[in-house]
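Working through the structure, step by step
In case you want the letters, here they are:
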Amino acid sequence: WYDTIARIAYVHLDRGLTSEEGQEEEFRLAAEWRDKSLAVINEYFGPESQTSKRAAIRFADLDRVVKLSPEELRELRQAVRTVLQASKLLNEGRRDEALAIAEQAMQTIRRLTGDLSQNRFAFLTMDTLGRCYYMTGRLADAEQYLRLCK
């Protein structure tokens, strides 16, 4: 049930990222629902529990995103759209094209959001990149990214 509260936070975060109109309100709501989720988790499991610590890490990307400039947010939006396009290309069998644009998106996401291990945007990109590397026979590269997605 606390995951449901967290999902609501991410719905608002995603809405804020996909549209410039109402963005500040969506980010405010995302932070509000994040705080509710963390409060429930901390109350139920205790603030020093592994569950509470993992939840705080999962939400760290929200704090990073709301601090981005409008131009950086546009770049992040475009990078996320590019990853989705790469996934579509991969599913169509266009592996080399998918790999090229997924690598570009990863560079942008890494630059804008930092630590990849605590970042849901990077998770999507790492999963796509891992699948691209796997499908193009670059198994060591695939393993590197897919292990991070665990």
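Before any of the text, the structure's been laid out above.
Let us look at the structure shown here. (Residues numbered from 1 in each chain as written. Predicted model: local features only at pLDDT ≥ 70, side-chain atom pairs only at ≥ 80, totals over all residues. Heavy atoms only, no water.)

A few words now on the overall build of the protein. Assigned secondary structure in the protein consists of 8 helices and 0 strands. Helices and strands appear in the protein in the N-to-C order α-α-α-α-α-α-α-α. Relative to the globule expectation of 15 Å for 150 residues, the C-alpha radius of gyration of the protein, 16 Å, shows essentially globular dimensions. Each principal axis of the C-alpha atoms in the protein carries an extent, and together these give about 45 × 35 × 25 Å. Excluding contacts between residues fewer than 6 apart, the proportion of contacts in the protein whose partners are at least 24 apart in sequence is 60%. (Helix = DSSP H or I, 4+ residues; strand = E, 2+ residues; numbered from the N terminus. Rg over C-alpha atoms; globule rule 2.2 N^0.38 Å. Contact = heavy atoms within 4.5 Å.)

The final tally for this structure, using the stated rule, is 2 aromatic pairs. Taking the centre distance of 4.7 Å and the plane angle of 85° together, the rings of Y44 and F45 count as edge-to-face. With a centroid separation of 5.8 Å and an interplanar angle of 25°, the aromatic rings of Y133 and Y145 are classed as stacked. Separated by 12 residues along the polypeptide, Y133 in helix α7 (residues 120–135) and Y145 in helix α8 (residues 139–148) bring together distant segments of the chain. (Phe/Tyr/Trp six-rings, centres within 6.5 Å; stacked < 30°, edge-to-face > 60°.)

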